[in-house]
Amino acid sequence: MNGDTDGLIEAIKHCISNISYILHENSEKCYHSLVMAILLAAGLDVSMEQTTNVGRIDGVINTANHLYIIEFKLDRTADEAVHQIDEKKYLQKYMVPARSKGKTIHKLGINFSYKEGVKNIYDWKEEIVK
């Protein structure tokens, strides 16, 4: 709610670490669904798979003061995720309304790893839009 992305990531990692490894699947959809459930359970205004004129945004978190545009990857990189947000111009759908309300806009790339010993968020990258 307050733009604490570090805290958000740590909370997600904590929740996922409590899920038995036998329930994890080697698919981005698995982790995408887990994150959605965690965020909804936390009471956040979350929407997933938001379509635009050129693609589909994996996740959007909308709070009173912050807007997060989220892209997930599995066994790739967080840089690739943020690059996709830019390449597909995902911000365009939300930029004008968010700015008119004075919101801080965050691009958030989250990369999960299914590799043994991880099965959680492996790296993430945040860029705040000026």
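Residues numbered from 1 in each chain as written. Predicted model: local features only at pLDDT ≥ 70, side-chain atom pairs only at ≥ 80, totals over all residues. Heavy atoms only, no water.

Asks: Explanation requested: the packing of aromatic side chains in the structure shown.
Replies: The geometry of an aromatic ring pair is captured by two quantities: the separation of the ring centres and the angle between the planes. A full pass over the atoms with the stated rule returns two aromatic pairs. Taking the centre distance of 5.8 Å and the plane angle of 40° together, the rings of F72 and F112 count as tilted. Remark: F112 occurs in strand β4 (residues 104-113) and F72 occurs in strand β3 (residues 66-74); sequence separation between them is 40 residues. A cation sits over an aromatic face here: K119 above Y114, 4.4 Å from the ring centre. (Phe/Tyr/Trp six-rings, centres within 6.5 Å; stacked < 30°, edge-to-face > 60°. Helix = DSSP H or I, 4+ residues; strand = E, 2+ residues; numbered from the N terminus. Lys NZ or Arg CZ within 6 Å of the ring centre and 35° of its normal.)

Asks: How do you make sense of the nonpolar core when you look at a structure like this?
Replies: Soluble, globular proteins show a tendency: their nonpolar side chains are buried together. Formed by 20 residues in total, the largest nonpolar core has its most connected members in I12, L39, I61, I70, F72, I110 and F112. Discounting residues that sit within four places of it in the chain, I12 has contacts with V35, I38, L39 and I121. Grouped together as the second largest cluster of nonpolar side chains are twelve residues, V60, Y94, M95 and A98 included. (Core = buried A, V, L, I, M, F, W, Y, C linked by side-chain atoms within 4.5 Å. Buried < 20%, exposed > 50% of the residue type's maximum accessible area, 1.4 Å probe, protein only. Contact = heavy atoms within 4.5 Å.)

Asks: Can you walk me through the sheet that holds β3 in this structure?
Replies: Sheets are built from strands that pair by backbone hydrogen bonding, the pairs being arranged parallel or antiparallel. Reading across the sheet, the five strands line up as β1-β2-β3-β4-β5 and stay open at both edges, with mixed pairing between neighbours. The open sheet terminates on both sides in strands that have one partner only, identified here as β1 (45-51) and β5 (120-129). Taking the axes of each pair of neighbouring strands and ignoring which way they run, one obtains an average angle of 25° across the sheet. The sheet contact formed by β3 and β4 spans nine bridges and is parallel. Counted as the bridge partner of K73 is N111 from β4. (Pairing = 2+ DSSP bridges. Axes fitted to C-alpha atoms, helices over the stretch in contact; angles between N-to-C directions.)

Asks: I tried to follow helix α4 (residues 92-100) on my own but got confused; where do I start?
Replies: Since the α-helix packs 3.6 residues into each turn, any two residues three or four apart lie on the same face. Of the residues making up α4, those classed as buried are Y94, M95 and A98. End-on view of α4: buried residues confined to an arc of 120°, all on one side of the axis. Exposed side of α4, more than 90 degrees from the buried face: Q92, V96 and S100 are the residues found there. Count one or two residues on from α4 and you reach G102, which has phi positive near 70°. (Arc of directions from axis to C-beta.)

Asks: Help me understand the side chain of K107, please; the structure alone is not making it clear to me.
Replies: By secondary structure assignment, the location of K107 is in strand β4. Here the side chain of K107 touches D86 through a polar contact of 2.6 Å, side chain to side chain. Those residues in contact with K107, other than ones at most four positions away along the chain, are I69, I85, D86, L91, K125, E126, E127 and V129. (Polar contact = N/O pair within 3.5 Å; in protein donor to acceptor, adjacent residues only side chain to side chain.)

Asks: Where do I start with a nonpolar patch on the surface in this structure?
Replies: Residues Y21, I22 and L23 make up a contiguous nonpolar surface patch of roughly 400 Å² in combined accessible area. Mapped onto the elements of the fold, Y21 is located in the loop between α1 (5-17) and α2 (28-41). (Patch = residues over 30% accessible without salt bridge, like charges linked within 9 Å, V, L, I, M, F, W, Y side chains within 5 Å. Areas by Shrake-Rupley, 256 points an atom, 1.4 Å probe, with all protein chains shown as cover. Salt bridge = Lys/Arg side-chain N within 4 Å of Asp/Glu carboxyl O.)

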